[in-house]
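# Architecture at a glance
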Amino acid sequence: MLRPVYILTALLLGFSSVATVADTVEVTVRVDKPGAQISRHIYGQFAEHLGRGIYEGVWVGKDSSIANERGFRTDVIDALKNLRIPNIRWPGGCFADEYHWRDGIGPAEKRPVKVNNHWGGVAETNAFGTHEFFDLVEMLGADAYIAGNLGSGSPREMMDWLEYMTADNESSLAKLRRQNGREEPWKVAFWGVGNESWGCGGNMRPEYYADLYRQFATFLKSPDGNRPKKVASGGYNDLTDWTDVLSQIPSNIDGISFHYYTLPTNNWDKKGRSTGFPEREWISHLANTLKIEGHIKNNIAILEKNDPEGKIGLYVDEWGSCYDPEAGRNPGFLYQQNTIRDAVLAAVNLNIFHRYSERVHMANIAQMVNVLQAMILTEEDKMVLTPTYHVFEMFTPFQDSTFIPVEIDSSPEISSGEITIPAISVSAAKGAEGKIHNSMVNLDPRTKHEIKAHFTGFKVNEASGRALSGEQMDSHNSFTAPGVVSPVAISAKSDEGNIHVVLPAKSVVVLTVE
């Protein structure tokens, strides 16, 4: 039987107890019309040599006073394991197209120190290189997504790096890998041929890049059973010409990347603050992130035209919030606070990726630790889990589940000036165990909304779940108050096969029905 609905207190959920409840929103969960599989790779991560994302984030070195395992922060690794991370994209980002893989192998004390020209002009010690990266993905049970250097590298460099990783013979590069401590080849699941080739990766035209892609990809060879999917560097925002040109490459291409960052103001010169923002920027920020759905639809339309067999996927391998630099920090490090607004934004984006999972084969939030919309923030020996971390943890049941269409009778709306957006975002999926997982997001910063969900082709027995919310629009976790925004239990009730649940204002709810 379903547990009775109860009123969650302001103490538990951190939202105003005087918030009003609007009219009931009716949704239909069409379990009888299942869709495509929601790839676990939609929940991918991104770890670039940027700011404190690698160094001080996941890597502190074996001699650090901070608790570590083979140089990796124990607290961070333990927290990341809870996310069931499917893949990690590395070493960039813009950093990738200036990176030479040979700088990051061999004894750490003999590796060259370079300047990170893209991010802060700081020293890059190369203490974290190929062996350390694969150690990380194996510790986390993740797949490796390598971003190869097309911008300043050569086909020879890229093919040698792949051979170094995957060769199972007696070649010189295989012997070098063994000499450096790794006997068995590594598994490489995905390979990006360049990054943002329209910008920091070379300022190229799509036609020119397409020819380079065909050249580089030709030489990316590895043993049978260990051949990575090849991902071309695609467009961003409302651009579709990159997808159009690249999807006409006849072979040797598995995916095309797409990047989209959300800014509250849509102005890169003055993006907006991560905290202390007005309500109009709550709404404008979410309105801007919702635009990604139109961009994805437009790119998928191009893929359907040029690749009707569905061989090429869309890889949204950089997405998330971007704000003005935090005061007192290196602006090149892209460190920013992470609030309940970011949690709502993350959940809305994931719901969108679910809807287009037939073509969206991967998505990588930017980035994993200490950079942009991070899962985790660290400061010396302290660590804090962000609201976005909690969303990714709550959404783990959606990995490799089956998409279930959801029909919303009529969503309430919220407005600021000329901007109006829907207040409710809902997604559903069926897990391998037969349960129906529902993500319900209330974008309204002030008002609770009740959801009445009807399930077709499924008998409802019981439901349970968790909710994430905050008292303020910028509620966040800090090193002194790490538990301000954390998931708590939420109950629902049944009524003739329907599920009723009240979504707190500015909240993310994941409900499992069985």
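For the structure itself, consult the block above.
The structure reproduced in this document is the subject of the present report. (Residues numbered from 1 in each chain as written. Predicted model: local features only at pLDDT ≥ 70, side-chain atom pairs only at ≥ 80, totals over all residues. Heavy atoms only, no water.)

With their axes 10 Å apart at the nearest point, helix α8 (residues 279–306) and helix α9 (residues 340–355) run at an angle of 15 degrees to one another. Looking at the two axes, α8 sits roughly parallel to α9. In this structure, α8 crosses over α9, and the sense of that crossing is right-handed. Together, Glu281, Trp282, His285, Leu286, Thr289, Leu290, Ile292, Glu293 and Ile296 of α8 and Ile340, Arg341, Val344, Leu345, Val348, Asn349, Ile352, Phe353 and Arg355 of α9 make up the contact between the two elements. Of the residues in the contact of α8 with α9, the class split is 11 nonpolar, 3 polar and 4 charged. (Axes fitted to C-alpha atoms, helices over the stretch in contact; angles between N-to-C directions. Helix = DSSP H or I, 4+ residues; strand = E, 2+ residues; numbered from the N terminus. Parallel < 35°, antiparallel > 145°, perpendicular 65-115°, else oblique. Left-handed = near helix turned anticlockwise from the far one by under 90°. Contact = heavy atoms within 4.5 Å. Nonpolar A, V, L, I, M, F, W, Y, C, P; charged D, E, K, R; others polar.)

Attention now goes to the sheet that holds strand β27 (residues 498–503). On the basis of which strands lie adjacent, the open sheet formed by 5 strands has the order β18-β1-β23-β27-β26 and mixed pairing. With partners counted over all chains shown, the strands left at the sheet margins are β18 (406–408) and β26 (493–495), one partner each. When the angles between neighbouring strand axes are averaged without regard to direction, this sheet yields 30 degrees. The pairing of β26 with β27 spans 3 bridges and is antiparallel. Bridged to Asp495 within β27 is Asn498. (Pairing = 2+ DSSP bridges.)

As for its placement among the helices and strands, Asn338 is situated in the loop between β13 (313–321) and α9. Between the C-alpha atom of Asn338 and that of Ala327, which follows or precedes it by 11 residues, the distance is 15 Å. Among residues more than four places away in sequence, those in contact with Asn338 are Gln373, Ala374, Thr386, Pro387, Thr388 and His476. A distance of 3.2 Å separates a polar side-chain atom of Asn338 from the backbone oxygen of Ala374. (Polar contact = N/O pair within 3.5 Å; in protein donor to acceptor, adjacent residues only side chain to side chain.)

Taken as a whole and judged by the stated rule, the model has 24 aromatic pairs. Ring centres of Trp90 and Trp161 lie 6.0 Å apart, and the angle between their planes is 65 degrees; on these two criteria the pair is classed as edge-to-face. Residue Trp90 is located in strand β6 (residues 87–90), and its partner Trp161 is located in helix α4 (residues 155–166); the two are separated by 71 residues in the primary sequence. Take Trp90 and Trp161: they sit in the same class, and that class is buried. (Phe/Tyr/Trp six-rings, centres within 6.5 Å; stacked < 30°, edge-to-face > 60°. Buried < 20%, exposed > 50% of the residue type's maximum accessible area, 1.4 Å probe, protein only.)

So, about the pattern of salt bridges. Overall, the coordinates contain 27 salt bridges when judged by the stated rule. The closest approach of N and O atoms between Glu379 and Arg52, which form a salt bridge, is 3.8 Å. Taken together, the residues span a long stretch of sequence, with Glu379 in strand β15 (residues 376–379) and Arg52 in the loop between β3 (45–46) and β4 (68–69) at a distance of 327 residues. Its relative accessible area of 10% is what places Arg52 among the buried residues. Through salt bridges with shared partners, a single network forms among Arg52, Glu56, Arg329 and Glu379. (Salt bridge = Lys/Arg side-chain N within 4 Å of Asp/Glu carboxyl O.)

The subject of this paragraph is the nonpolar core. Looking at soluble globular proteins, one finds that nonpolar side chains tend to be buried together. Core analysis: the biggest nonpolar cluster contains 144 residues, and Ile88, Phe128, Trp191, Trp319, Phe353, Phe395 and Phe455 have the highest contact counts within it. No other element matches α9, which puts 10 residues into this core. Dropping the residues within four chain positions of it, Phe353 is found in contact with Ile42, Ile292, Ile296, Val316, Trp319, Val360 and Ala363. Membership of the second largest hydrophobic core comes to 6 residues, among which are Ala189, Phe190, Val231 and Met362. (Core = buried A, V, L, I, M, F, W, Y, C linked by side-chain atoms within 4.5 Å.)

Here the focus is the state of the cysteines. Counted by the stated rule, this structure contains 1 disulfide. Paired by a disulfide, Cys94 and Cys200 hold their sulfur atoms 2.2 Å apart. Linking Cys94 and Cys200, the disulfide has an S-S dihedral of approximately -85 degrees and is accordingly described as left-handed. Placement of Cys94 in the loop between β6 and β7 (114–115) and of Cys200 in the loop between β10 (190–193) and α6 (206–218) is noted, with a sequence separation of 106 residues between them. The closest cysteine sulfur to the non-disulfide-bonded Cys322 is located on Cys94, 12 Å from its own sulfur. (Disulfide = S-S within 2.5 Å.)

Attention now goes to the packing of helix α3 (residues 130–140) against α4. Packing of α3 against α4 brings their axes to within 12 Å, and their N-to-C directions diverge by 50 degrees. The angle between α3 and α4 falls in the class oblique. α4 is crossed by α3, and the crossing has right-handed handedness. In this structure, α3 contributes Thr130, His131 and Phe134 to the contact, and α4 contributes Trp161, Tyr164 and Met165. By residue class, the composition of the contact of α3 with α4 is 4 nonpolar, 2 polar and no charged.

Next up on the list: the pairing of strand β12 (residues 255–262). In terms of burial, β12 is a largely internal element, 8 of the 8 residues being buried. Here β12 shows no split at all, with Gly255, Ser257, His259 and Tyr261 on one side and Ile256, Phe258, Tyr260 and Thr262 on the other all buried. Inspection of the sheet shows strand β11 (residues 229–232) paired to β12 by 2 bridges, in the parallel sense. Paired with Val231 across the bridge in β12 is Gly255. Where β12 and β13 come together, 7 bridges link them in parallel fashion.

Turning to the sheet that holds β6, a few remarks are in order. Read from one edge to the other, the open sheet built from 8 strands follows the order β3-β6-β9-β10-β11-β12-β13-β14, with strand pairing classed as parallel. Two strands close off the open sheet at either side, each with one partner strand: β3 and β14 (360–365). Where β3 meets β6, 2 bridges bridge the pair, whose relative direction is parallel. Following the sheet pairing, Gln45 is matched in β6 by Ile88. Contacting β12, β13 and β14, α8 crosses the sheet at an angle of about 165 degrees to β12.

Note that all results are geometric; they support no functional claim without further evidence.
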